[in-house]
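# Structural overview
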Number of protein chains: 2
Amino acid sequence: MAQSRRRIPEASVIRLPVYLRILIEQFEQQVDNISSERLAELAGVNAAKVRKDLSYLGSYGTRGVGYEAEYLIYQIRRELGLTHDWPVVIVGAGNLGQALAGYGGFSERGFHVAGIVDVDDNKIGSVIAGIRIRALDELAKIVSGHEVVIGVVATPADAAQDAADRLIAAGITSILNFAPAVLSVPASVVVRKVDLATELQVLSYYEQRRLTALHSVPTGSTRGASA
Amino acid sequence: MAQSRRRIPEASVIRLPVYLRILIEQFEQQVDNISSERLAELAGVNAAKVRKDLSYLGSYGTRGVGYEAEYLIYQIRRELGLTHDWPVVIVGAGNLGQALAGYGGFSERGFHVAGIVDVDDNKIGSVIAGIRIRALDELAKIVSGHEVVIGVVATPADAAQDAADRLIAAGITSILNFAPAVLSVPASVVVRKVDLATELQVLSYYEQRRLTALHSVPTGSTRGASA
DNA sequence: CGGCGCTCGTGCACGCTTTCACAAAAGCAG
DNA sequence: CTGCTTTTGTGAAAGCGTGCACGAGCGCCG
């Protein structure tokens, strides 16, 4: 029997949201039961990996049958802490911050924007997707008022560390960083970084390699169909 | 001596842009020479890792001294294929697509938006950050006209596969996918996925764990200062 | 010009991740 | 109830990535 309260390897944690989304989609299409094989196909991964990932949650499949979508959805939600909505606060109401504030994908998947702040007086007061941009000073008030624990840094690189410091001072314990800067934070704070330009630079590397392909590489063995 | 034209492990490729950014920053601050130790500190990683990563490029450091910033910048740029600008085309001019089109970070780091397309007639014709939103049908024209090889999918999930198909049909060989959907593409096409909600869900998992911390975990050994 | 101190480059061991392969279990048919 | 099919759950092996530890090379100082 699998462990039900163990620490799940990070690699698996990252895939759980993918499975979750697929399961929800399938369930909405009246698919009640799904095999690891099928789920793997939809997620673009190996079936054994799916089974191992799911086994960290517990033993929720039925041999010879597969996984009951609805039940599995519940279990993944529970494990990911998605049984309730999480408020998030966004620092930086530039291009990206505003897009994030208005991004429908958040609310659909368990998050809502409790507030967005910026330093720019010209922006403060404007309303984005129904949310008023507030002053940076109001950060602490927003965080404590809504019991926010997740902060999003969407500032330019040179303001990112300051934004992070303020978030942490306000009580935030998880940060999603979109600024192209390495944040230095206490060990108790979890940071995840998303760097848009870095992603393009990685693609650039593979394109570059493709050009310099006077080498071994058969054709495109670099990566297959992917996540 | 290190290999100079080998395949670089993906994990290293992902860190190179980070080093690059830091090196540029340092060089602009008149730092001509930098040790792996210092670079590691700024990048939030282990010094041995930095040296190993850089060794894939070749043997460009000087023992007892460190790395010459300017030269290393050039070498990383060369390896990543950033010696010239790459045009990219964006599919989807919603919230996110528009933010990406206007995002300064791209142009600063070797990319420019050759075009942005959408299906919505109401959006077509509008100008975002100096770029006119064009019809989806014009995709092929944009791609061939500017010799674009990198495409960005910024559509809703249900339109993502179609967007990818069209990009590939137009000749795109690398895709950056922001839609919460798994794209199925030929093996020769490289896809990278950025899923904003997934990132938050991962943070949610660690927050959830924190609450359920009646367990082993001392305090916050989950992750230290991070990327 | 020899010795010393510093930092790179990398072999090696360890730990995490992926994948394979198969026994165990469930359903179904007769 | 027995045997057959299907699919899970998981040991074990293989593959990667990380970090330590140290030899090798470089510069500097006397």
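Residues numbered from 1 in each chain as written. Chains lettered and ligands numbered in written order. Predicted model: local features only at pLDDT ≥ 70, side-chain atom pairs only at ≥ 80, totals over all residues. Heavy atoms only, no water.

### Thoughts on the overall build of chain A
As a reminder of what qualifies: Runs of H or I in DSSP of at least four residues are treated as helices and runs of E of at least two as strands, each being numbered from the N terminus. Whether a residue is buried, partly exposed or exposed follows from its accessible area with a 1.4 Å probe, protein chains only, as a fraction of its type maximum: under 20%, in between, or over 50%, in that order. Contacts were defined at the residue level, with two residues in contact if any of their heavy atoms lie within 4.5 Å. Neither His nor the chain ends is counted toward charge; the positive residues are Lys and Arg and the negative residues Asp and Glu. In this description, the location of a charge corresponds to atom NZ of lysine, CZ of arginine, CG of aspartate or CD of glutamate.
Looking only at helices and strands, chain A features nine helices and 10 strands. In terms of overall dimensions, chain A has C-alpha extents of about 60 × 50 × 35 Å along its principal axes. Here chain A holds 227 residues, and 53% of them are scored as buried. Within chain A, residue pairs in contact and separated by at least 24 positions form 56% of the contacts whose partners lie at least 6 positions apart. Both charge centroids of chain A, one from 23 positive and one from 24 negative side chains, sit 8 Å from each other.

### Examining the pairing of strand β7 (residues 131-135) of chain A
All names here are of chain A. Using the following cut-off: Note on pairing: DSSP must find at least two bridges between two strands before they are called paired.
In this sheet, β7 lies alongside strand β5 (residues 111-118) in parallel orientation, the contact comprising three bridges. Its bridge partner being in β7, Asp-118 is matched across the sheet by Ala-135. Inspection of the sheet shows strand β6 (residues 127-128) paired to β7 by two bridges, in the antiparallel sense. Across the sheet, residue Val-127 finds its bridge partner in β7, namely Arg-132. Linking β6 back to β7 in an antiparallel pair, the connection comprises two residues, with Ala-129 at a positive phi of about 50°.

### Notes on the domain arrangement of chain A
Rule in force here: Domain start and end points were adopted from an automatic or database domain assignment.
If you check the domain split of chain A, you get domain 1 (10-79) and domain 2 (86-198). For domain 1 of chain A and domain 2 of chain A, the distance between their C-alpha centres works out to 31 Å.

### Examining the relation of the copies chain A and chain B
Applicable threshold: The atoms used to superpose the copies are C-alpha atoms, taken from residues with pLDDT of at least 70 in both, and the fit is least squares.
For the pair chain A and chain B, the relating rotation is 180°, the translation along its axis is 0.0 Å, and the fit reaches an RMSD of 0.1 Å. Here the copies are linked by what is in effect a two-fold axis. Using C-alpha coordinates, one finds that chain A approaches the rotation axis most closely at Ala-99 of chain A, a distance of 3.0 Å. With an isologous cut-off of 70% or more, the 100% of interface residues of chain A that recur at the interface of chain B puts this contact in the isologous class.

### Comments concerning the packing of helix α9 (residues 196-211) of chain A against helix α1 (residues 10-28) of chain B
What counts is decided by this rule: For helices, the fitted line uses only the C-alpha atoms of the stretch in contact; every axis is such a line through C-alpha atoms, and the angle between N-to-C directions lies from 0 to 180 degrees. Every angle not falling under 35 degrees, over 145, or within 65 to 115 is termed oblique; those three ranges are roughly parallel, roughly antiparallel and roughly perpendicular. Handedness of a crossing follows from how the near helix is turned relative to the far one, being left-handed for an anticlockwise turn of less than a right angle and right-handed for a clockwise one. Throughout, the ten residues Ala, Val, Leu, Ile, Met, Phe, Trp, Tyr, Cys and Pro are labelled nonpolar, Asp, Glu, Lys and Arg are labelled charged, and all others, Gly among them, are labelled polar.
The N-to-C vectors of α9 of chain A and α1 of chain B enclose an angle of 125°; their axes lie 9 Å apart at closest approach. Taken together, α9 of chain A and α1 of chain B sit at an angle that is classed as oblique. Of the two elements, α9 of chain A crosses α1 of chain B, and the hand of that crossing is right-handed. Residue-level contacts link Thr-198, Gln-201, Val-202, Tyr-205 and Tyr-206 of chain A of α9 of chain A to Glu-10, Val-13, Ile-14, Pro-17 and Leu-20 of chain B of α1 of chain B. Taken together, the residues of the contact of α9 of chain A with α1 of chain B break down into seven nonpolar, two polar and one charged.

### With respect to the sheet that holds strand β9 (residues 174-177) of chain A
Taking strand neighbours across the sheet as the criterion, the seven strands line up as β6-β7-β5-β4-β8-β9-β10 (chain A) in an open arrangement whose pairing is mixed. Unpaired on one side and paired on the other, β6 and β10 (190-193) of chain A mark the two borders of the sheet.

### A look at the packing of aromatic side chains
One pair of aromatic rings is described through two measures. These are the centre distance and the angle between the planes. As a reminder, the rule being used: Each Phe, Tyr or Trp ring (for Trp, its six-membered ring) is paired with any other whose centre lies within 6.5 Å, and the angle between the two planes then decides the class: stacked below 30 degrees, edge-to-face above 60, tilted in between.
A full pass over the atoms with the stated rule returns six aromatic pairs over all chains. Arranged with centres 5.1 Å apart and planes meeting at 70°, the rings of Tyr-205 of chain A and Tyr-206 of chain A form a pair that is edge-to-face. Tyr-206 of chain A carries the same exposure label as Tyr-205 of chain A, and that label is buried. Plain terms: the ring middles of Tyr-60 of chain B and Tyr-71 of chain B are 5.3 Å apart, the flat faces sit at 80° to each other, and that makes the pair edge-to-face. A residue pair is termed long-range when its members are at least 10 positions apart, and Tyr-60 of chain B in the loop between α3 (47-55) and β2 (61-62) and Tyr-71 of chain B in helix α4 (residues 69-80) qualify at 11 residues.

### So, the interface of chain A and chain B
Threshold: In short, buried area is how much 1.4 Å probe accessible area vanishes from two parts on joining, totalled over both. Should a side-chain nitrogen of Lys or Arg be within 4 Å of a carboxyl oxygen of Asp or Glu, the pair is scored as a salt bridge.
Chain A puts 78 residues into the contact, and the matching count from chain B is 78 residues. Between chain A and chain B lies a buried interface of about 7,500 Å² when both sides are counted; carbon and sulfur atoms form 58% of it. The largest per-residue losses of area from chain A upon contact with chain B belong to Leu-200, Gln-201 and Tyr-205 of chain A, which jointly make up 9% of the total buried on that side. Summed over the shared surface of chain A and chain B, the result is four salt bridges. Two residues, Arg-192 of chain A and Glu-199 of chain B, come together in a salt bridge whose shortest N-O distance is 2.5 Å. No other element matches the 15 residues that α9 of chain A contributes to the side of chain A that touches chain B. In the side of chain A that touches chain B, the residues fall into 44 nonpolar, 18 polar and 16 charged.

### Description of the protein's contact with DNA strand C
Keep this limit in mind: Consider each residue's heavy atoms; a residue with any of them within 4 Å of a molecule or strand counts as near. Pairing of N or O atoms within 3.5 Å defines a polar contact, subject to two protein rules: one partner must be a possible hydrogen donor and the other a possible acceptor, and residues neighboring in sequence count only if both atoms are side-chain atoms.
In the neighbourhood of DNA strand C, 27 residues make up the surrounding shell, with Arg-15 and Arg-63 of chain A together with Ser-36, Arg-51 and Tyr-67 of chain B lying closest. Among the atoms of DNA strand C lying within 4 Å of the protein, the sugar-phosphate backbone contributes 66%. A distance of 3.3 Å is found between a base nitrogen of DNA strand C and a side-chain nitrogen or oxygen belonging to Arg-51 of chain A. Contact distances for DNA strand C include 3.1 Å between a sugar or linking oxygen and a side-chain N or O atom of Arg-63 of chain B. At the level of secondary structure, the elements contributing two or more residues to the surface near DNA strand C comprise α1 (10-28) and α3 (47-55) of chain A together with α3, β2 and β3 (66-68) of chain B. The greatest single-element share of the surface near DNA strand C, amounting to four residues, is contributed by α3 of chain A.

### Digging into the pattern of salt bridges
Residue and element names in this part refer to chain B. Per the stated rule, a full pass over the model turns up 22 salt bridges over all chains. With a shortest N-O distance of 3.4 Å, Arg-38 and Glu-41 are connected by a salt bridge. Linking Arg-38 with Glu-41, this pair stays in helix α2 (residues 36-43), spanning three residues, or about one helical turn. For Arg-38, a relative accessible area of 35% corresponds to the partly exposed category.

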